[in-house]
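Here's the letter readout for the chains.
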Amino acid sequence: MSYTLYIAIILVAGMGGGKLAKKLKVPTVTGYILTGLILGPSFFNFITSEVQHNLEFANELALSMLAVSVGMELHYRVFKAFGKNLIKMSLGNTFFTAIIVSLVTWLLGMPIQYALILGPLAMSVSPSGVVSIIKETKAEGEMTQNLLGLVAFDNLITILTFGVMVSFVQSMVNDTAASIVMLVGSVVLDILFAALVGIIGGVFVSYFIRKEISNDKLLVLLLAALLFNSGIAAYFDLSPILTDMIAGVTITNLTNRKILIATLLNRIELPIFIIFLTLAGAHLDIAILGQVGLIGVGYIVARSFGKYAGIFIFSRFTTVSKKVQYNLGFGLFPQAGVAIGLATIAERSLPNVSGAITGVVLTGVVFFEIFGPLLLGKALNRVGETQE
């Protein structure tokens, strides 16, 4: 079957799943993911791993759009107003989650070097799970603003911590403590290079925004910049999420045209996100649940507790309102592409892993991709920020 036909079927099936989900009072995001789960290897195996690989471009474009959207939220005025709160809550919840997950998975039998990697992986939050629900519910308010900032900060801290921890574990496994300085230095250079690529892409788009060219042409140039960032990141083994997030930060601070960029992306995002989220569902294989057993369950419980309790505890040291303190942690449950991508890198970087890290992370993704959006939608309703 041709891949154009696969795309057509995925679009129609995904939209149908989203419509059914909405009628059942469930987020459409969950409908897309469950549709992919049914079409994937877990059930009908219509969307095979080969199909997923050949449609990878849709995932890259969707992640680029999500990353730039999240980055656009970090305007210097927002940082000035919420920056102290975001730093406290982000550092608090990410490191609290990493410690809890590493400790629990180690106690349940995961080798210490792999448990130390699972900790940073648990820090990450799925931009797609969060942004899609916020857009669907037209949410606005204190929790929404803080949540978008936390998605950006949490993933940034995840990428930094993961790189350092992989370097540390490599030196521990190889018993060469001296090499850790070079490994960490390499990680820092990669991050700086990724930031530089993002800044260049952001300056490029900002230039044409100021030239006030037509929106159609600006959309073309914006997509070109995002794909360029992702392509360079892939070529040099950098983080495409980081490059496009930095591009978004650059654009919003140089032009203050967040609404314009959002309007442009809205023109094309629905079909791309349907393909992306349906493929994300197809990527989930429920058979993995039985393979990782108790460690996978421990990862889910530990990450859930870490994210919720971390935000609840550290938000007490901020000016965030009480009702947001009780609900904000639920917004950080969604987890998908960032964690899977980093887990794959970890498996390539460490010897004799044989799928142990990826298996546990995928178990968590099965749970958090399905239930994360549901919990986020309920939390936004409880604080009264949804418009639907």
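Criteria and thresholds
What you see as residue numbers is a count from 1 along each chain, following the sequence as written. pLDDT decides what is reported in this predicted model: residues at 70 or higher carry local features, side-chain atom pairs at 80 or more are listed and counted, and totals for whole chains, interfaces and linings draw on all residues regardless. Each side-chain value is derived from all of the structure's non-hydrogen atoms; neither hydrogens nor water enter the calculation. Every helix listed is a DSSP run of H or I at least four residues long, and every strand listed is a run of E at least two residues long, numbered separately from the N terminus. Here a cavity means grid points, on a 1 Å grid over the protein atoms only, where a 1.4 Å probe fits yet cannot get out; a pocket means an open set of points with protein on both sides within 12 Å along at least five of seven lines; lining residues are those with an atom within 4 Å of a point. Grid points are joined across faces, edges and corners, and a volume is the space filled by probe spheres set on the points. Residue polarity is assigned by list, with Asp, Glu, Lys and Arg as charged and Ala, Val, Leu, Ile, Met, Phe, Trp, Tyr, Cys and Pro as nonpolar; anything else, Gly included, falls into the polar class. Between rings of Phe, Tyr and Trp, where Trp is taken as its six-membered ring, a pair exists when centres lie within 6.5 Å; planes separated by under 30 degrees are stacked, by over 60 edge-to-face, and by other angles tilted. Using a 1.4 Å probe on the protein chains alone, a residue whose accessible area is under 20% of its type maximum counts as buried, one over 50% counts as exposed, and one in between counts as partly exposed. In this analysis the charged atom, NZ for Lys or CZ for Arg, is taken to sit over a ring once it is within 6 Å of the ring centre and within 35 degrees of the ring normal. Residue count minus one, scaled by 1.5 Å, sets the expected span of a helix.

**Student:** I keep staring at unusual backbone geometry and nothing clicks. Help me out?
**Tutor:** Peptide bonds are mostly trans, and most non-glycine residues show a negative phi. Even without glycine at this site, Lys138 takes up a positive phi of about 55°. On the secondary structure map, Lys138 appears in the loop between helix H7 (127–137) and helix H8 (142–174).

**Student:** Hey, could you run me through the layout of surface pockets in this one?
**Tutor:** Here the idea is plain: a probe the size of a water molecule rolls over the atoms and shows the empty space left. Its boundaries defined by the atoms lining it, the largest pocket holds a volume of some 1500 Å³. Lining the largest pocket are 46 residues; nearest its centre among them are Leu238, Pro240, Gly341, Leu342 and Ile345. Looking at the lining of the largest pocket residue by residue, the class counts come to 24 nonpolar, 16 polar and six charged. In this structure, the second largest pocket spans a volume of roughly 550 Å³. Residue assignment for the lining of the second largest pocket shows that the elements contributing at least two residues are helix H4 (56–72), H7, H8 and helix H12 (258–266).

**Student:** Quick question: what am I supposed to make of the packing of aromatic side chains here?
**Tutor:** For any two aromatic rings, the description comes down to two numbers: the centre-to-centre distance and the angle of the planes. On inspection of all chains with the given rule, the structure shows 15 aromatic pairs. Summarising the aromatic geometry, the rings of Tyr235 and Phe236 are spaced 5.0 Å apart at their centres and angled 80° between planes, so their arrangement reads as edge-to-face. The class of Tyr235 is exposed, set by a relative accessible area of 67%. Here Phe236 falls in the partly exposed class, since its relative accessible area comes to 40%. In this arrangement the basic side chain of Arg303 is found over the ring face of Phe368, its NZ or CZ atom lying 4.5 Å from the centre.

**Student:** Explain helix H11 (residues 240–255) to me, please; I cannot follow it from the model alone.
**Tutor:** For an α-helix the count is 3.6 residues per turn, leaving residues at separations of three or four pointing the same way. The terminal C-alpha atoms of H11, which comprises 16 residues, lie 22 Å apart, in line with the 22 Å expected from a rise of 1.5 Å per residue. Taken from the residues just after H11, Asn256 is the one with a positive phi, measuring 55°.

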